[in-house]
Amino acid sequence: MIEKDILWHSSAHLLAHAVKELYPKTKLGIGPSIETGFYYDFDFEHKLTPENLNKIEKKMAELAAKNYPITKETLSKKDAVKLFKERGEDYKVELINELPDKEVTVYHQDSFVDLCRGPHVKSTGLMKAFKLTSIAGAYWRGDEKRPMLQRIYGVSFESKAQLDDFLEKLKEAAKRDHRVLGKELDIYSITDEWGAGLPLWHPNGGLLRHVIESYWKDLHLEEGYSLITTPHMAKLDLWETSGHWDFYRENMYSPMEIEGADYEIKPMNCPGHMLIYKSKTRSYRDLPIRWAELGTVYRYERSGVLHGLLRVRGFTQDDAHIFCSTEQLNDEILAILKLAIRILKTFGFNEYDIYLSTRPKKYVGSLDNWERATNALKKALEDLMLDYQEDPGEGVFYGPKIDIKIKDALGRAWQCSTIQVDFNLPERFEIQYMGKDNKEHRPIMIHRAIMGSLERFIGCLIEHYAGAFPLWLSPVQATILPIADRHNDYGLEVEKQLKEAGLRVSSDLRSQSVNKKIRDGQKQKIPYMLIIGDEEVEKKVLSIRDRQGKDIRNVKVDSLKKGILKLVNKKSLDLELNASV
RNA sequence: GCCGGUGUAGCUCAAUGGCAGAGCAGCCGCCUUGUAAGCGGCAGGUUGUAGGUUCGACUCCUAUCGCCGGCUCCA
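Residues numbered from 1 in each chain as written. Chains lettered and ligands numbered in written order. Predicted model: local features only at pLDDT ≥ 70, side-chain atom pairs only at ≥ 80, totals over all residues.

## Quick word on the protein's contact with RNA strand B
Around RNA strand B, the structure places 61 residues, and the nearest of them are Gly-137, Ser-303, Gly-304, Ser-511 and Gly-533. The class makeup of the residues in the surface near RNA strand B is 19 nonpolar, 21 polar and 21 charged. (Near = placed C-beta within 6 Å. Nonpolar A, V, L, I, M, F, W, Y, C, P; charged D, E, K, R; others polar.)

## Looking at the pairing of strand S3 (residues 37-43)
Across the 7 residues that make up S3, a large majority, 6, are buried. The pairing of strand S1 (residues 27-28) with S3 spans 2 bridges and is antiparallel. By the bridge assignment for S3, Leu-28 is matched with Phe-42. With 2 bridges joining them, strand S2 (residues 33-34) and S3 adopt antiparallel strand pairing. Looking at S3, one finds that Ser-33 is bridged to Phe-38. Hairpin connection between S2 and S3: a loop of 2 residues separates the two successive antiparallel strands. (Buried ≥ 20, exposed ≤ 12 C-beta atoms within 10 Å, placed from the backbone. Helix = DSSP H or I, 4+ residues; strand = E, 2+ residues; numbered from the N terminus. Pairing = 2+ DSSP bridges.)

## A closer look at helix H15 (residues 488-500)
With 13 residues, H15 extends 18 Å between its outermost C-alpha atoms, agreeing within 8% with the 18 Å of an ideal straight helix rising 1.5 Å per residue. Considered for burial, the residues of H15 that qualify are Gly-491, Val-494 and Leu-498. In an axial view of H15, the angular spread of the buried residues amounts to 65 degrees, which keeps them on one side of the axis. In H15, those exposed residues whose orientation departs by more than 90 degrees from the buried face are Asp-489, Lys-496, Lys-499 and Glu-500. Its buried side turned inward, H15 meets strand S25 (478-482), strand S26 (505-507), strand S27 (528-532), strand S28 (541-546) and helix H18 (557-569). Among the residues trailing H15, Gly-502 stands out with phi positive, at a value near 90 degrees. (Expected span 1.5 Å × (residues − 1). Arc of directions from axis to C-beta. Contact = placed C-beta atoms within 7 Å.)

## Some details on the nonpolar core
Grouped together as the largest cluster of nonpolar side chains are 84 residues, with contacts concentrated most on Ile-333, Ile-446 and Leu-530. The element contributing the most residues to this core is helix H11 (residues 329-346), with 7 residues. Both of domain 2 (199-230 + 269-464) and domain 3 (478-569) provide at least three residues apiece to this core. Ile-446 has contacts with His-321, Ile-322, Glu-332, Ile-333, Ile-336, Ile-419, Gln-420 and Val-421, leaving out every residue within four places of it along the chain. (Core = buried A, V, L, I, M, F, W, Y, C linked by C-beta atoms within 7 Å. Domains from an automatic or database assignment.)

## Points about the domain arrangement of chain A
Parsing chain A into structural domains produces domain 1 (4-175), domain 2 (199-230 + 269-464) and domain 3 (478-569). Spacing between the C-alpha centres of domain 2 and domain 3 amounts to 42 Å.

## Some details on the packing of helix H3 (residues 77-86) against helix H4 (residues 90-98)
Running from N to C, H3 and H4 point in directions that differ by 170 degrees, and their axes come no closer than 9 Å. Between H3 and H4, the angle falls in the class roughly antiparallel. Of the residues in H4, those in contact with Lys-77, Ala-80, Val-81, Phe-84 and Lys-85 of H3 are Lys-92, Val-93, Ile-96 and Asn-97. By residue class, the composition of the contact of H3 with H4 is 5 nonpolar, 1 polar and 3 charged. (Axes fitted to C-alpha atoms, helices over the stretch in contact; angles between N-to-C directions. Parallel < 35°, antiparallel > 145°, perpendicular 65-115°, else oblique.)

## Describing unusual backbone geometry
Cis peptide bonds are those with omega within 30 degrees of zero, and the linkage from Leu-287 to Pro-288 qualifies with -5 degrees. With respect to the helices and strands, Pro-288 occurs in the loop between strand S15 (282-283) and strand S16 (289-298). Even without a glycine there, the phi angle at Asn-67 is positive, about 55 degrees. We classify Asn-67 as partly exposed; it has 14 C-beta atoms within 10 Å. Despite not being glycine, Lys-540 has its phi angle at roughly 55 degrees, a positive value.

## So, the confidence of the model for chain A
Confidence in the prediction for chain A averages 92 pLDDT; 99% of positions are at 70 or higher. Both scores are given for the predicted complex: the pTM is 0.93, the ipTM 0.93. (pLDDT = per-residue confidence, 0-100.)

## Examining the sheet that holds strand S18 (residues 353-357)
Across the sheet, which stays open at both edges, the 8 strands sit in the order S11-S16-S17-S24-S21-S20-S18-S19 with mixed pairing between neighbours. On the outer flanks of this sheet lie strand S11 (226-227) and strand S19 (389-391), each paired with one strand and no other. Strand direction decides the pairing type here: strand S21 (residues 413-422) and strand S24 (residues 444-453), joined by 5 bridges, are antiparallel. If you follow Val-421 over to S24, its bridge partner there is Ile-446.

## Comments concerning the pairing of strand S5 (residues 103-109)
When strand S4 (residues 71-76) meets S5, the two strands line up antiparallel, connected through 6 bridges. Residue pairing in the sheet places Leu-75 in a bridge with Val-104 of S5. The pairing of S5 with strand S6 (residues 112-115) spans 4 bridges and is classified as antiparallel. Bridging from a neighbouring strand, His-108 pairs with Val-113 of S6. With antiparallel pairing between neighbouring strands as the criterion, S5 and S6 make up a hairpin whose turn holds 2 residues, including Asp-110 at a positive phi of roughly 55 degrees.

## Considering the environment of Gly-125
Note on placement: Gly-125 falls in the loop between S6 and strand S7 (129-139). Sequence-wise, Gly-125 and Tyr-40 are 85 residues apart; in three dimensions their C-alpha atoms are separated by 19 Å. Not counting residues within four places of it along the chain, the set of residues in contact with Gly-125 comprises Ala-64, Ala-65 and Asn-67.

## A look at the sheet that holds strand S22 (residues 433-434)
Across the sheet, which stays open at both edges, the 3 strands sit in the order S15-S22-S23 with mixed pairing between neighbours. Strands with a single pairing partner mark the edges of an open sheet, and in this sheet they are S15 and strand S23 (440-441). Relative to S22, S15 runs parallel, the two sharing 2 bridges. In the sheet register, Ser-283 faces S22, and the bridge partner there is Met-434.

Here's what the structure looks like:
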């Protein structure tokens, strides 16, 4: 079997080959393999249309069928520049000139030639099944200021069956899309009437948030945090002090004037926390201070980047700031990371990517502090034996950070958790504490969010579970389905009993067939459907069908109640009721 | 913001320059049902918005807004 990325990379060449055959004036950009296929960037004379894709696909098939051998050639940089200049490939020339080596390699197939490190499949005939999936604009070398090229995405496989399988999986993944499920499950909506990127939370979404927020608050109180609240807007002066007005303005909304003073809607919660810190003299005995806030912030996001709940303009961060001494830094970071992993695990996220971002070129704070903080982050990751990737120079100017990213249904990664050491704000706000030595010291500040934002986190949750939330999170945990109208009274009685136990229960009293009611309950992904007919009324029991299709008969209301409560209380991720039920 | 696509009923989609339609959901009625759709009826629309072309526009053109896929940027 051919390695996927080699096959895909060769397919990108085949795509470029076909494009050059059909549109000889096209200039080539780059064409790598990616996680889910390949792409190639082109500078076309004309706009591409989806119909062009069919034509290109056909040409690719034709070229593949000819089974041209793919051959490698090593050229001096000079010769390579000459070769691509003659062919009018300005972008390739630019790339060659920037390569550090004296020699470069090119690959040939028929008349087509491309600058490339390789490796490639031996001949074009090895690419048997491919599909060009989409067209998109992409800036040359990812730079907004440079020309926009037209990018063609595709996938390819060694057989038609594999391709079909892949396309089928894509279709399945699309069904998990939180924007589709968010509507179907009546969780949230985003409407132009209110504004782009500003979600409205419907009752089911409101309930989800309530459960998550309660869990989060209780857990933070247990873990030594205090809960604080800061308002949605603050004077512009404050954002000047914090530096946001200088460094973050392009993400902030325009100020509004109130009685002669300018106010800003907050894009961050930190300045408020700084002011609370400054509200009185702090002692070393107070440290570490851990303040948490479910703080709603508003950031200007360019219209093209908005994406359901995963990228919005107003969102609630599960924010917290820790003020500590240098000596406490290691322990605090370790505790935060532990808490983050614990919370993610509770929600069923066991797979994520962790990044450690280190000092960038532009930075504030002393090298000493940077090193200490970076080591503290690293040590915490190692203590917990977490796999991570280092992103050198990718830290924020004010400190190093750990980011945790969760993937959506289509494999796109979204940053949720972030742990950032901040050397900047303590300076700017001149915060301090009195040390044991009776001298003033500047605390270290850690900024952290674990779910990141409730919006994004819930979006990820919806996709992770394809809408079938764990019992403890399900907006409706059980629904009562009487078979005929004469069973309604008993149904309502059961509903009342379960509700009294604190469970979220509904009843479907419509004069509908039980099949219909089950179908609807199933579509709403309600964990348990409680079916009541003559037998159940008579014996004062229930028949339980869980959403996985499992059927248990003759269950007493009381034991069901206990069984569900037990699962809810331990935030179980599965629906298996205890055997005694 | 940029490139491309797209916008018809709450949802999914028809109608290609000539009377805006279907299924589901909703409402009303009948049926009284045993583990994924019982039957019938009713109602539902300034075709995203604003202009324009035309005897006539859902359909063609312009602008604008939203949405979708990318790019850049980010929790």
